[in-house]
Structure formats: C-alpha cells, structure tokens
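As a plain string of letters, each chain reads:
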Amino acid sequence: MATLDQKWSALPVPYAMELPDRVRKERYYDGGFYELEAEALWPRVWQMACRLEEIPQPRDFVEYEFLDQSIVLLRTDDMEVRAFQNACRHRGVRVIEGRGTCEHGFVCPFHGWCYGVDGKNSFVPRKKTFAEHNVQPGDIDLVPVRCEVWGGCAWINLDDGAPPLRESLEPAASILDAWKVESLRTEWWYASRLPVNWKLAIEAFVESYHVVQTHPQLVIPTRYGLRDSGPFDSRAFVEADIGYLRTMSEGMAGMVHANDVRIAEGLRDIELPGEADQAMATWNRTLNDAVTRWHRDRGDDMPDLNDLEARGLNLEFFQCFPHSFVLPMYSSATAYRFRPLAPEETLMEIWSLTRYPEGEEPERPAQPEVWECDDPRWPPIPTQDFSNLPRQQRGLHAKGFEYMRLSAGLEGHIANFQRTIDGYLSGLPHERLLPALRAVNVYPFDKPITDLGF
Ligand code: FES
Ligand SMILES: [Fe+2]
C-alpha cells in the first residue's frame, strides 16, 4: 500500500487520520475529540430526526435529541414538517418532551408563554411587565431549524449553509428512491444502549470481513459465491438459499420479511436448469418476480425487483452520513440510527420496515424501550455484533494498542468515513465535503479506500 502513505496528508485535527488505513484509538474515547465532533460535525450535517409515521396527523409532534440539543418536529396542517429548537424564548425551558399532538400550539409549562403551530409567539402573560427590547415581535418566536423530508423520514440540519438534503445523501438517495423506501412503514422498532463510541458502533456494521467469524450461520455458499466441489445440485442450492433467507429473517427478526420467506418456500419445487450459473440466475429472477407480484397483488407500492437488478440498483446496504443506514432486502428493509450519548456510550435504534396496502398501515409506532446490549430479547444476529463491541471499546484502552489497522481492500469504508469526519472537524467548506459524502453514502461493504479530494 505504498501509495496510501504518500497520497493523503493528515488534516489539522487531533488524532487525525495520518494514514488512511490506520485509526488512532483516541478518536473513540478522547473527551476533546468528542467535544470537537459536537462543535464541528453534528451541527453541520443532515440528521434523520424522525420517521414520518411518528407524526402521521396534522399537529402531531415529536422531540429529536442529539447531544445537548433538542428539536421539535411538527406536522403542519398541509402535511409538511416543520422543526424548531426546543427552548422557550423566555427562560429556556424545553417547551415539549417526547411526543404528542397539539391542538393549538405549545404552552411553556413554566410561566405559560404560548407558541402557535407556526412557532410564532402568540401570548406572553403580563407582557407589559417586560421592557420592550425583551419582547420584540419576531424575536420571541421559537427558533426555526432547517428541515426536509425524504425517504419516509424528516431530517434536520442546524447549518443554514449546508447543501440541500438530497444532494447530501446521493448516491444513496437515488438508489433508495428506486427501492421506493418512502412507502415503507415501521413494523417494529428497537433501541439499545451500547457502551461504546458511536463510530465504533457504526463500524461494526459496514464491512463483511467479520461475517465468517462473528456470524458463521450466515456463511452460506450460494450467497458468498463459494461453491461446494462436486456436481451442481439445484435442489440443495434452493434449500440452502431458502435457509439463508430464513436465517436473515429470524436472526434479524425480519431483515428478510417473513412474507418474502414464505414466497420463497412456495417456489421450492421449481425446475431449474442443470448448469449452476443458469440455475442461480433463474432462481433469483423467479423469486424476485414472485415477491414483486405478491406485494403488488395485495396493493403494496412495490418496486420491480428484477428491474432494480437489471439497472444494477439491487444493493442492500446504505449509509446516510453520518448516523443513519437503510438496508433494503426484497420487499422490506431494516434501518439503523446511531446517536452519541457520551464519548463511550451510543444509542442504537433498529427499525424493521415493510410495505402495507394503502389504508392498512399500522398506527403511530410505539417509541422503543431502551434495552442493554446483552438483553436476551435481541435477535441472534445483533446479539452477535453486540457481543464484540464492549470488548473492543475496552481493548482500545490497552497501553500497548495505538491504532486500528484497516484492510485497505475490505475495510476501506471505515477509512472513508473517518476521513470524512476529519474533513468536518478541520472546518472544510461544504463544497469540498460533498464529494466525500458521495464516497461514504454508497454501498459500503468491502469498498476500497477512496480519494476524497482532501
Ligand atoms: S421559561 Fe417558558 S414561560 Fe418562562
Ligand atoms: Fe454483523
């Protein structure tokens, strides 16, 4: 990797990525580094703040917290979404907590200042007792926050100078649009408190290098391009593939939706060509077609999976920098979000998303109880991932350990992700950061280290 040594120079940030394939351990626990992220990264990025089904009706609102910030997201009467900083303009009390529905706007619980659904101050009790400069019209309205809607979610950004949401999410946005992710709805939603840095948590999910050791049940020859030696047995192939789908479905509690597994099981007696490549292609096409048809027949807004495949868009794992992920598979998807709670503590949420015929969507999803990462209620696959994480965070503190050494071929996504963070921390302008976002917001698995232009 001689060229890696020379091509990139470190940006002026503490514990910088001096070599793109080495990550200094302090980035995962140093308090100063965490503070710098709080100052220079989080207020400048688009953050998935809520799923739209959390605020399904006009005047529904929900609170989104990150670090020490709290944002109110509110569904307007014309079904747009608006966001405000959650701080009363009088003495700073958070105007809302959690979520709810407001008929007439918000009333601060402390002294009763009132705000309309447009965030404008509508009443100050005993207003005449204030000097005029403290109750100037306009100056006592809730502070608006940039908010845009995409992919079934509302996103916020505290930086008015950041590029629009869509531009910041490409190329993931266009591919996920082809997957029709906007018509997915929450089937369940779990949350976990992980005793690790938020980047460490993310990095456990963006490479497939760990699969063989951590998830041996997922190593299925048909899916990994490996072949058993000997003549091709199409029956055994179909059974192995159905087994894989079932493992993904049960192990992740629905990463492949149970409906799709049943559809695959219904095809198990299919006649396949005797030649291996043709048989696999035929199976794949037939299954895609059956899943597409089943969902369309019952009235779901469902993409044509074979069309996605033909257009090369059937990728299954996307990061939306910095902290959201969407993993579409067949009719459904899983989504993740990782929020820092402290230098060595992260809130990870997992959604299982699927499609419903119009009018049959479930109610507003219940907010998840936060489970510890060793809670026995976690399905097997996240349990396996979580079992490594606290050990890794503790291991990083070892005196003799200085930096992670990444496989430039398999763990390039981690390098690109960390170097993009350095781009923010060193204060690069948005136009220089955009190409880095493009490099991160693509299919992350086994991606090589990319030249981000800085
Ligand atoms: S702090 Fe809100 S009314 Fe006083
Ligand atoms: Fe994993």
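As a reminder, the structure under discussion sits directly above these lines.
Our subject in this report is the structure included herewith.

Calculation rules
Residues numbered from 1 in each chain as written. Chains lettered and ligands numbered in written order. Predicted model: local features only at pLDDT ≥ 70, side-chain atom pairs only at ≥ 80, totals over all residues. Heavy atoms only, no water. Helix = DSSP H or I, 4+ residues; strand = E, 2+ residues; numbered from the N terminus. Rg over C-alpha atoms; globule rule 2.2 N^0.38 Å. Buried < 20%, exposed > 50% of the residue type's maximum accessible area, 1.4 Å probe, protein only. Contact = heavy atoms within 4.5 Å. Areas by Shrake-Rupley, 256 points an atom, 1.4 Å probe, with all protein chains shown as cover. Pairing = 2+ DSSP bridges. Donors = N, O, S within 2.8 Å, 3.2 Å for Na, K, Ca; no water. Tetrahedral: all angles 85-135°; square planar, octahedral: opposite > 155°, others 65-115°.

**Structural notes on the overall build of the protein chain**
(1) Moving on: A tally of regular secondary structure across the protein chain gives 14 helices and 18 strands.
(2) Moving on: A compact globule built from 454 residues should have a C-alpha radius of gyration of about 22 Å, and the protein chain, at 24 Å, falls within 12% of that.
(3) Moving on: With the C-alpha coordinates aligned to their principal axes, the bounding extent of the protein chain is approximately 90 × 55 × 40 Å.
(4) Moving on: Counting over 454 residues, the protein chain shows a buried share of 54%.
(5) Moving on: Within the protein chain, contacts between residues separated by at least 24 positions form 66% of all contacts whose residues are at least 6 apart in sequence.
(6) Moving on: Accessible surface, the protein chain as shown: approximately 20000 Å² in total, 50% of it carbon and sulfur.

**What to know about the pairing of strand β4 (residues 69-75)**
Taken residue by residue, a regular strand's side chains alternate between the two faces of the sheet.
(1) Moving on: Summarising burial for β4: 6 of the 7 residues are buried, a large majority.
(2) Moving on: Direction of pairing for strand β3 (residues 60-66) relative to β4: antiparallel, over a ladder of 6 bridges. Paired with Phe 61 across the two strands is Leu 74, which belongs to β4.
(3) Moving on: Linking β3 back to β4 in an antiparallel pair, the connection comprises 2 residues, with Leu 67 at a positive phi of about 50 degrees.
(4) Moving on: Note that β4 and strand β5 (residues 81-85) share 5 bridges and pair antiparallel. Note that in β5 the partner of Val 72 across the bridge is Phe 84.
(5) Moving on: Taken together, β4 and the strand that follows it, β5, pair antiparallel across an intervening segment of 5 residues, in which Met 79 is found at a positive phi of about 65 degrees.

**Focus: the coordination of the iron ion (ligand 2)**
(1) Moving on: For the iron ion (ligand 2), every protein donor is listed as His 210 (NE2), His 215 (NE2), Asp 385 (OD) and Asp 385 (OD), and the spread of their distances is 2.1 to 2.8 Å.
(2) Moving on: If you look at the iron ion (ligand 2), its 4 donor atoms make angles of 51 to 149 degrees with each other, and the shape they trace is irregular.
(3) Moving on: Written as a sequence motif, the donor arrangement for the iron ion (ligand 2) is H-x4-H-x169-D. Like His 210, the residue His 215 is buried in the burial classification.

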